[in-house]
Structures are given as C-alpha cells and as structure tokens.
Amino acid sequence: MSLGAQLNLLFAMAIAGCALGFLYDGYRTWLSRGTRNKVIRACVDLLLWLVGSILVFAILQWRSDGMLRIYVFLGLIVGFVLYMKSMSRAFRWIWKILFRIGSALFGFFVLKWWRILSRLWKR
C-alpha cells in the first residue's frame, strides 16, 4: 500500500470517526429524553453498534479492501475526538430539534389519526 493510499485511508477513517461521534450524539440526545424501558434501550444500543460497525467496515472495504492497520484505529480515534471537541455541542442542538420535529410529526400523523379512526370504528 502506497503512502498516499495510507494517508487517504487515515483521512477516511477520521471522517468515519466524526460520523460515529454524530451517531453517538444522537444516541445521547435520545437517552436524555427519558427513555426508561430497558428492552428498547438495549435494542437501540445494539442498533448503534451495528450501524457504526457497518459504517466502518464499508469505508474500510471501499478504501483499503478490508486491510486493518493501526492507523485505521488512530484515524477513528482522532476523528471522534475532534468531533467531540469541536462540533458536538452544535450537533446535539440539531439532534434535539430533529427529535422535537419527529415527535411532533409522529404525534400528528400517527396518534391523532389513530384517535380519529378508533372513534369511527366504535360507531
């Protein structure tokens, strides 16, 4: 593997580390909303690890044919730390807005229509 390809892989893994930080911020924001059910929390934990693993594996396959080297881990850690130090606060605010919009849309489209349809079925 040439030096250029290794640097390219390091940069791609740093971006993947930032993406993992973004996913983790979404998870932390979702947890702060007060999820108490342990089964749902365990499923979301599993989903977070699954999506993160698939993301890293896909980038690793795309950039280096799946070769795992020490600078892959270095790139992931550097990208994650840079994301947490520089962009986490702004993206957590964005995640909060997205969750607020999503719950409002869910409340309108699903719950409101469910109440309307259940009243019609009772007649």
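Source: prediction; values computed, not measured. All residue numbers refer to position in the chain's written sequence, counted from 1. Where totals are concerned, whole chains, interfaces and linings use all residues; where local detail is concerned, this predicted model gives features only for residues with pLDDT of at least 70, and gives and counts side-chain atom pairs only at 80 or more. Side-chain descriptors were evaluated using all non-hydrogen atoms of the structure, hydrogens and water having been removed beforehand.

Another aspect to go through is the packing of aromatic side chains. Between 30 and 60 degrees the pair is tilted, below 30 it is stacked and above 60 it is edge-to-face, where a pair is any two Phe, Tyr or Trp rings, Trp via its six-membered ring, whose centres lie within 6.5 Å. Applying the stated criterion across every chain, the model contains eight aromatic pairs. Taking 4.9 Å as the distance between ring centres and 35° as the angle between the ring planes, the aromatic pair formed by Phe22 and Trp95 counts as tilted. With Phe22 in helix H1 (residues 3–32) and Trp95 in helix H4 (residues 88–122), this residue pair connects regions lying 73 residues apart in the sequence. The cut-offs for exposure are 20% and 50% of the maximum accessible area for each residue type, with area from a 1.4 Å probe on protein chains only; residues under the lower value are buried, those over the upper are exposed, and the others partly exposed. Its relative accessible area of 28% is what places Phe22 among the partly exposed residues. Ring plane angle 55° and centroid distance 6.2 Å describe the contact between Tyr24 and Phe80, whose orientation is recorded as tilted. In this pair, Tyr24 is assigned in helix H1 and Phe80 in helix H3 (residues 70–86), connecting sequence segments 56 residues apart. Among the aromatic residues, ring-to-ring pairing joins Phe22, Tyr83, Phe91, Trp95 and Phe99 into one connected group. The ring of Trp62 carries Arg63 above its face, with NZ or CZ at 4.3 Å from the centroid. Put simply, DSSP H or I for four residues or longer makes a helix, DSSP E for two residues or longer makes a strand, and each gets a number counted from the N terminus. Our definition puts a charge over a ring when NZ of Lys or CZ of Arg is within 6 Å of the ring centre and also within 35 degrees of the ring normal.

Here the focus is the packing of H1 against H4. For any two helices packed against each other, one specifies the crossing angle of their axes together with the interaxial distance. Axis definition: a line fit to C-alpha positions, over the contact stretch in the case of helices; interaxial angles, taken between N-to-C directions, run 0 to 180 degrees. Direction vectors running N to C along H1 and H4 enclose 55°, while the axes themselves pass 9 Å from each other. Considering the angle they form, H1 stands oblique to H4. The two elements H1 and H4 meet at a crossing, and its hand is right-handed. Facing Phe22, Asp25, Gly26, Arg28, Thr29, Trp30 and Ser32 of H1, the residues of H4 in contact are Ser88, Phe91, Arg92, Trp95, Lys96 and Phe99. Ten residues, namely Ala, Val, Leu, Ile, Met, Phe, Trp, Tyr, Cys and Pro, are considered nonpolar, four, namely Asp, Glu, Lys and Arg, are considered charged, and the remaining ones, Gly among them, are considered polar. Partitioning the contact of H1 with H4 into residue classes produces five nonpolar, four polar and four charged. The labels follow the angle: roughly parallel below 35 degrees, roughly antiparallel above 145, roughly perpendicular from 65 to 115, and oblique for the rest. Two helices crossing with the near one rotated counterclockwise from the far one by less than a right angle form a left-handed crossing, whereas a clockwise rotation gives a right-handed crossing. When checking whether two residues touch, look at their non-hydrogen atoms; a contact exists if any pair is within 4.5 Å.

Worth remembering: the numbers are spatial, not functional.
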